[in-house]
Amino acid sequence: MEHLIFVGALILAVVLYFALGFLIKLLWGWLPLAIGLLIGAVVSIMGGLSGIVIALVVIVVSVIVTDKWHSTEVFLNVEEAIERKFHIKD
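The sections below set out a description of the structure shown in this document. (Residues numbered from 1 in each chain as written. Predicted model: local features only at pLDDT ≥ 70, side-chain atom pairs only at ≥ 80, totals over all residues. Heavy atoms only, no water.)

This part takes up the environment of threonine 72. The residue threonine 72 is located in the loop between helix H2 (31-69) and helix H3 (73-86) in this model. Residue classification places threonine 72 among the partly exposed residues on the basis of a relative accessible area of 28%. Separated by 16 residues in the primary sequence, threonine 72 and isoleucine 88 have C-alpha atoms spaced 20 Å apart. (Helix = DSSP H or I, 4+ residues; strand = E, 2+ residues; numbered from the N terminus. Buried < 20%, exposed > 50% of the residue type's maximum accessible area, 1.4 Å probe, protein only.)

Now the structure itself:
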């Protein structure tokens, strides 16, 4: 019985390791958009009608920045390091 628990724990550890790598890669890829959405939500709540307009501009700009972000050298290098560290491409 102890062996079965040990094997189950090993399988769970491997699955959680891959899940952590996927989560880090997801957060790294969508970081500018997440920040833009957070700022846009706060501005729209605090600013009334003009805040909503500003929030829409902030969100559109953050989508554009996220698209450019996926082409930068820093993003590509860190993404490759994450994929190597967590064996995501395997």
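Residue placement: threonine 66 occurs in helix H2. Measuring from C-alpha to C-alpha, the distance between threonine 66 and proline 32 comes to 5.5 Å, with 34 residues separating the pair along the chain. Among residues more than four places away in sequence, those in contact with threonine 66 are Gly29, Trp30, Pro32 and Leu33. (Contact = heavy atoms within 4.5 Å.)

In this section: unusual backbone geometry. A positive phi angle, close to 55°, is found at histidine 87, a residue other than glycine. Mapped onto the fold, histidine 87 is located in the segment after H3. According to the relative accessible area criterion, histidine 87 is partly exposed, its value standing at 40%.

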